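So the chains spell out like this:
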Amino acid sequence: AQRVTQPEKLLSVFKGAPVELKCNYSYSGSPELFWYVQYSRQRLQLLLRHISRESIKGFTADLNKGETSFHLKKPFAQEEDSAMYYCALSFSGNTGKLIFGQGTTLQVKP
Amino acid sequence: DTEVTQTPKHLVMGMTNKKSLKCEQHMGHRAMYWYKQKAKKPPELMFVYSYEKLSINESVPSRFSPECPNSSLLNLHLHALQPEDSALYLCASSHNLGGAYEQYFGPGTRLTVT
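Heads up: these notes are all about the structure in this document. The shown structure was predicted, so the numbers you read here are calculated from the model rather than taken from an experiment. (Residues numbered from 1 in each chain as written. Chains lettered and ligands numbered in written order. Predicted model: local features only at pLDDT ≥ 70, side-chain atom pairs only at ≥ 80, totals over all residues. Heavy atoms only, no water.)

1. A short note on the side chain of B:Gln103
Checked against the element boundaries, B:Gln103 lands in the loop between β9 (87-94) and β10 (104-105). Here B:Tyr35 takes part through its side chain, which lies 2.7 Å from a polar atom of the side chain of B:Gln103. (Helix = DSSP H or I, 4+ residues; strand = E, 2+ residues; numbered from the N terminus. Polar contact = N/O pair within 3.5 Å; in protein donor to acceptor, adjacent residues only side chain to side chain.)

2. Some thoughts on the nonpolar core
Ranked by internal contacts, the top residues of the largest apolar core, which has 26 residues, are A:Trp35, A:Leu72 and A:Tyr85. Broken down by secondary-structure element, the contributors of at least two residues to this core are β2 (10-14), β3 (19-21), β5 (32-38), β6 (45-49), β9 (83-90) and β11 (104-109) of chain A. Counting residues per element, this core draws most heavily on β9(A), at four residues. Excluding anything up to four places from it in sequence, A:Leu72 contacts A:Val19, A:Glu20, A:Leu21, A:Trp35, A:Leu47, A:Leu48, A:Phe59, A:Thr60, A:Ala61 and A:Tyr85. If you look at the next biggest cluster of nonpolar residues, it comprises 22 residues, including B:Met46, B:Phe47, B:Leu81 and B:Leu111. (Core = buried A, V, L, I, M, F, W, Y, C linked by side-chain atoms within 4.5 Å. Buried < 20%, exposed > 50% of the residue type's maximum accessible area, 1.4 Å probe, protein only. Contact = heavy atoms within 4.5 Å.)

3. Thoughts on the interface of chain A and chain B
Taken together, the 21 residues of chain A in the interface contact 23 residues of chain B. For the pair chain A and chain B, the summed buried surface comes to about 1800 Å²; carbon and sulfur atoms form 53% of the total. Where chain A touches chain B, the interface holds two salt bridges. For the side of chain A that touches chain B, the secondary-structure elements that each account for two or more residues are β5, β6, β9 and β10 (98-100) of chain A. Along the lines of polarity and charge, the residues of the side of chain A that touches chain B split into nine nonpolar, eight polar and four charged. (Buried area = accessible area lost by both parts, 1.4 Å probe. Salt bridge = Lys/Arg side-chain N within 4 Å of Asp/Glu carboxyl O. Nonpolar A, V, L, I, M, F, W, Y, C, P; charged D, E, K, R; others polar.)

4. Describing the state of the cysteines
Inspection of the entire model under this criterion finds two disulfides over all chains. The disulfide bridge from A:Cys23 ends at A:Cys87, spanning 2.0 Å between sulfur atoms. Residues A:Cys23 and A:Cys87 share a disulfide whose torsion about the S-S bond is about -65 degrees; that sign makes it left-handed. Taken together, the residues span a long stretch of sequence, with A:Cys23 in the loop between β3 and β4 (24-26) and A:Cys87 in strand β9 at a distance of 64 residues. The class of A:Cys23 is buried, set by a relative accessible area of 0%. Disulfide pairing places B:Cys23 opposite B:Cys91 at an S-S distance of 1.9 Å. Torsion about the S-S bond of the B:Cys23 and B:Cys91 cystine: about -70 degrees, corresponding to left-handed handedness. Separated by 68 residues along the polypeptide, B:Cys23 in strand β3 (residues 18-25) and B:Cys91 in strand β9 bring together distant segments of the chain. Looking at B:Cys23, the relative accessible area reads 0%, which means it is buried. (Disulfide = S-S within 2.5 Å.)

Given below as structure tokens:
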């Protein structure tokens, strides 16, 4: 079955420290992977997706098919990065289904 | 206009009431979605519409009835809900179906069933 696993419920770091939010997926086909972010009292929004290979707000994520991972990284965390982060998997084919991981709350302390 | 809007923001209803949630987008997107989100949990897909036709129903109870009257509007009709249906209901849209297309989310309607 298709599944997305985010092993950490909460990740707490100090400002300026590196951040890595882990995401592993289970899917036998070609995955489309995304990171969505939900800041406090704001709507869920796309942070980045693997097909674009962009760096958004200093975050990057690389799809590792061998390890079935799509970890989100940032070299120097900022306080404004504090939010809930969801890794999400979309099926190949035109179903429109997004499977979300359980989410990781990132807390960046001053 | 690059936003998905949802009304109302908050809704309190009794178990015998009938109410509707509304979602609107003017981005020309042809796929629209309803999700349910409980506190501190990820969104769970309920329904997917593509070109105003129901594409996916994730085994949602019949007390939830979606409707897509046109390409910009998506409604969710509620009837005889249970207290466990209390949640944040999110609407989303995308240019089309498929993993290449970003889903844009609305702010949600916070529903409380008493």
